[in-house]
Amino acid sequence: MKSTAQLGRTTVRTLVATGLSLSLALTAGACAKSEDDGGSKDKDKGASGDGGQVVADPSTGSGKTCTIEQFGSEKIDLKNATVGFSQSEKEANPFRIAETASIKAEAKKRGIKLLTANAQTQFSKQISDVQDLIAKGADLLVIAPLNSDGWGPVLRAAKAKKIPIVTIDRKINSKACKDYVSFIGSDFVEQGKRAADQMIEATGGKGEVAILLGAPGNNVTTERTKGFKDRIKEKAPKLKVSFEQTAEFSREKGQQVTEQLIQSNSKIGGIYAENDEMGLGAVTALKSAGKKAGDVKIVTVDGTRNAVQGIVDGWIYGVVESNPRFGPLAFQTLDTFTKGEKVSQDIVIKDSAYTEKNAKSDLGKAF
């Protein structure tokens, strides 16, 4: 996977059967900005078309497929169905803003009734949200899980009513094609490895680095951490991870943890933030501490406009993309599945990356 792979515009099509690759692009707008983004018209243009999701070769996933017959449900006409979407986190995070906007835009484009709920970063609320979506008559569910564990009550309720579930961006720790149909998301271990490659390049493979960990209890944090550490151990044994602490994917907490880091360890030469928001919080802390752009090398994961602008401004070294525009791919997967055709149990997205070489030219693709 090349870190500078270009994600072109493409029409939505399905080639989800075993051995075939799938390419999708978002054709409807997904206006995404962070709370301090300013929301200029020029920035909003990049939320549609450019940067649509492209599915990696099937060999990067499990290779296993699922049909509606195997799942134990019945064929449904998606056009006449009600789809429930459960968002996990407060939509102050640009990733969540873009993700929800993409789901809503694709449902509107297809003329499908969509019920939505936002758990506001409370797992107990997300469980009750999904149960409420089921009670309101959702025929199909798209879930962006807050945590990977603890989904038993929802899965049992959905199974009793033969409601298919597709999870996006985070996995549920349960059995595919039994408890849920498919997971759609990135290869998070690979993201961690690519972030490590950028950190090794930035530091020359020597010195001390810190990790701002994502929220505990989900596969994204675990796998991004594993990928980063494994690659550092493999390629740069002289580069030491001397500090790691959760900042819960939050900009505010990213700033707080980095402030603590600066006070406790002045030797840190790099910070790996497992999402852009934490990385941007780290930038704020470094500025407040009188650091100059580039004094501490920062590598992040996501691809928000503010983070990519941070590369242009010299505060962030590199960003590994994690594309949030799930709408077209999620609904195409549901459409294929409800017609009785095979879909992959793991649909892995191929992500791009931003560096000083392409950050300015590709800023419009960021979300």
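Throughout this document, residue positions are counted from 1 along each chain, in the order its sequence is written. Only residues with pLDDT of at least 70 get local features here, since the model is predicted, and only at 80 or more are side-chain atom pairs given and counted; chain-wide, interface and lining totals rely on the full set of residues. Note that water and hydrogens are dropped before the side-chain values are worked out from all heavy atoms of the structure.

> Please explain the overall build of the protein chain as it appears in this structure.
For the purposes of this entry, the term helix denotes a DSSP run of H or I that reaches at least four residues, the term strand denotes a run of E that reaches at least two, and both are numbered from the N terminus. Within the protein chain, the regular secondary structure consists of eleven helices and 14 strands. In the protein chain, 77% of the contacts between residues at least 6 apart in sequence involve partners at least 24 apart. Accessible surface, the protein chain as shown: approximately 15,100 Å² in total, 47% of it carbon and sulfur. By definition in these notes, contact holds between two residues if any of their heavy atoms fall within 4.5 Å. For every accessible area listed, the method is Shrake-Rupley and the probe measures 1.4 Å; residues are considered covered only by the protein chains on display.

> Can you walk me through the confidence of the model for the protein chain in this structure?
Any region with low pLDDT has predicted coordinates that should not be read closely. pLDDT: the predictor's confidence for each residue, scored from 0 to 100. Residues of the protein chain with pLDDT of at least 70 account for 84%, and the chain-wide mean is 87. Note on residues 1-50: pLDDT under 50 across the span, and 126 contacts to partners over four residues away in sequence or across chains.

> Before we go on, may I ask you to explain the nonpolar core in this structure?
Nonpolar side chains in soluble globular proteins tend to be buried together. The biggest cluster of nonpolar side chains holds 47 residues, and the ones touching the most others in it are Leu141, Trp151, Ile271 and Ile316. If one sorts the elements of this core by residue count, helix α9 (residues 276-288) sits on top with five residues. Among all residues touching Leu141, those that are not within four sequence positions of it are Gly84, Val130, Leu133, Ile134, Ile163, Pro164, Ile165 and Val166. Here, nonpolar core refers to any group of buried Ala, Val, Leu, Ile, Met, Phe, Trp, Tyr and Cys residues whose side-chain atoms link them within 4.5 Å. Only protein chains enter the accessibility calculation, which uses a 1.4 Å probe; a residue whose area is less than 20% of its type maximum is buried, one above 50% is exposed, and one in between is partly exposed.

> Before we go on, may I ask you to explain the pattern of salt bridges in this structure?
Where side chains of opposite charge bring their charged atoms close, a pairing between them can arise. By convention in these notes, a salt bridge is any Lys or Arg side-chain nitrogen within 4 Å of a carboxyl oxygen on Asp or Glu. Under the defined criterion, the tally for this structure stands at 18 salt bridges. Ionic pairing is found between Lys226 and Asp230, a salt bridge with its closest N-O pair at 2.8 Å. A residue pair is termed a helical-turn pair when its members lie 3 or 4 positions apart in one helix, as Lys226 and Asp230 do in helix α7 (residues 219-235) at four residues. Residue classification places Lys226 among the partly exposed residues on the basis of a relative accessible area of 46%. On the basis of relative accessible area, Asp230 is assigned to the partly exposed category, the value being 33%. Taking the shortest distance from any N to any O, the salt bridge between Glu234 and Arg231 comes out at 3.5 Å. You can see Glu234 and its partner Arg231 sitting in helix α7, three residues apart, about one turn around the helix. Given a relative accessible area of 12%, Arg231 falls into the buried group.

> Help me understand the packing of helix α3 (residues 94-110) against helix α11 (residues 327-338), please; the structure alone is not making it clear to me.
Each pair of packed helices can be summarised by the angle the axes make with each other and by the distance between the axes. Axis geometry follows a simple rule: fit a line to the C-alpha atoms, using only the stretch in contact for helices, then measure angles between N-to-C directions, giving values from 0 to 180 degrees. Remark: α3 packs on α11, axes separated minimally by 7 Å, with the N-to-C direction vectors making an angle of 50 degrees. As summarised for this structure, α3 and α11 are arranged oblique, according to the angle between their axes. Here α3 runs over α11; the crossing is right-handed. Listed contacts from α11 to Ser102, Ile103, Glu106, Ala107 and Arg110 of α3 are Gly327, Pro328, Ala330, Phe331, Gln332 and Asp335. Orientation is classified from the angle alone, with under 35 degrees giving roughly parallel, over 145 giving roughly antiparallel, 65 to 115 giving roughly perpendicular, and any other angle giving oblique. Definitions for this section: a left-handed crossing has its near helix turned counterclockwise from the far helix by less than a right angle. A right-handed crossing has that turn clockwise.

> I'm lost on α9 in this one. Help?
In an α-helix, one turn spans 3.6 residues, which is why side chains three or four residues apart end up on the same side. How far a helix is expected to stretch is found by multiplying one less than its residue total by 1.5 Å. Spanning 13 residues, α9 covers 18 Å between terminal C-alpha atoms, matching the ideal 18 Å at 1.5 Å per step. With ten of 13 residues buried, α9 lies mostly within the body of the structure. Among all positions in α9, only Asp276, Glu277, Met278, Gly279, Leu280, Gly281, Ala282, Val283, Ala285 and Leu286 are buried. Just past α9, the residue Gly290 takes up positive phi, approximately 85 degrees.

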